[in-house]
Amino acid sequence: MSAATNVAVVVVAYQTPDPLQRCLASLHGEGAAIVVVADNGADDETPRVVLRELPQAMYRNFADNPGYGAAVNRVRADVDTPFLVILNADTELDPGALRALGTYLERHPNVGLVGPRLRNADGSLQPSCYPTATPWQLLLQESRFGALTRWVPWVRRRHLRTWPHDYDRRVPWVLGAALAIRLSAFDAVGGFDESYFLYYEEVDLCHRLGKAGWEVHFTPTAEVIHHGGVSTSTLGPAVAQIFFTSAARFHRTHRGAGSWIAFRAVVVAVAAAQLARCFVSGCIEKRSAKRVSRSATVRAWRAVLHDALTGWPAEQLESRQP
C-alpha cells in the first residue's frame, strides 16, 4: 500500500463554495483513500460543489455548525486509514503533498502530527509552525515587538514565526489549516477538545499529544497553498473576542496561576492599545461608513477588555459557541 492510499482527507467547510472547489480540484489524482467534506455551513451550494468537483467524496452536513474540531471528531468514524489529513476549505495541495505527508508519518513512528509548508496565493511563505503558547509569545504576536524579530538575522533564523521553513524539525504546534495526524495518536488523546469552537483547537491538540509522548513536526517536503481567513472574514470585529476567549480557555486549562495572571495582563494591554488606536483614528476620520465600522471595533475590544479584567466567566470558557 502506498503512502497516499494510507491517507484519508477531511475538508472542513463553512459557506466557502468557491475556495472549496479549488481545494477539491487539487485532490484529483492524489490517491486519497477517502475524502470527506464536513460542511459546517450547511448551505445549498456546497453539496453541489462536492458533487460536481469530486463526486466520489463523502459529504457530511453539520447544520448545527459544531466548529472545526468537533466536525473532525464526527467524521473520525468514517475513516479507517492510519493517517488523516485535515484541510481548511481555503487550501490547495501541491501535487504529491498527500504522499509526502503519509511517507513522513510512516518514516517517523514517534510523530503523532506533522504540518506541511504553507504558501500564500502569491507563492510567498506563510508561517505555519509556532513557539509554545505563552503570555510572552502572545505579546510578541499581538504587538509590534514581534515584527522587530524579522530585522535581526540571528533571531529571525531561530524564531519559529520568522525562520524560512526549509527543513524538517520538531515544533510545539502547527497551524490547523493543513495538517496530517496519526489516528492512533489522535484516538489516544481523545481527538479535538470540542470546547474550542474556533481558534486554539490545534494548539490544544498538539499540546496534549506532546504530554502523551507524541512528537509534533514540520516538514517542507509537502506544500499547500493557504488563502487564509476565508471562513472568518465575514465575522468582523467579533473575531477578536472569539480568539481571546479560546486563548483564555487554553491558558486556564494548561497553565499555572502565574501564567494565567500574566496572560490576562497581556490581553488587557493589547485591548487597551487597540481602543486607544480607535480613539485616535476617530479624531481623524469623519466619514460616516468609517465611524460605523470603528464603533463595532470599539465594542468588540471593550468586550475583550472586560473579559480580561473579569477573568472570563466559567460558562463562557466552557461554551462550544462563540
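The sections below set out a description of the structure shown in this document. (Residues numbered from 1 in each chain as written. Predicted model: local features only at pLDDT ≥ 70, side-chain atom pairs only at ≥ 80, totals over all residues. Heavy atoms only, no water.)

**Overview of the side chain of Ser-246**
Part 1: Position of Ser-246 among the secondary structure elements: in helix H10 (residues 238-254).
Part 2: On the basis of relative accessibility, which here comes to 3%, the residue Ser-246 falls in the buried class.
Part 3: Setting aside anything within four residues of it in sequence, one finds Ser-246 in contact with Tyr-196, Leu-198, Tyr-199 and Tyr-200. (Helix = DSSP H or I, 4+ residues; strand = E, 2+ residues; numbered from the N terminus. Buried < 20%, exposed > 50% of the residue type's maximum accessible area, 1.4 Å probe, protein only. Contact = heavy atoms within 4.5 Å.)

**Re unusual backbone geometry**
Part 1: At Asn-65, a residue that is not glycine, the phi angle is positive and equals roughly 50°.
Part 2: Relative to the helices and strands, Asn-65 is located in the loop between strand E3 (58-61) and helix H3 (68-75).
Part 3: Note on Asn-65: relative accessible area 19%, which makes it buried.
Part 4: Residues other than glycine seldom take positive phi values, yet Trp-312 does so here, at roughly 60°.
Part 5: Along the chain, the position of Trp-312 falls in the loop between helix H12 (288-310) and helix H13 (314-318).

**A word on the pattern of salt bridges**
Part 1: The tally for this structure, following the rule as stated, stands at 11 salt bridges.
Part 2: Asp-204 serves as the salt-bridge partner of Arg-208, at 2.7 Å between the closest nitrogen and oxygen. Placement of the pair is Arg-208 and Asp-204 together in helix H9 (residues 201-211), with a separation of four residues, close to one helical turn.
Part 3: Judged by relative accessible area, which is 17%, Arg-208 ranks as buried. (Salt bridge = Lys/Arg side-chain N within 4 Å of Asp/Glu carboxyl O.)

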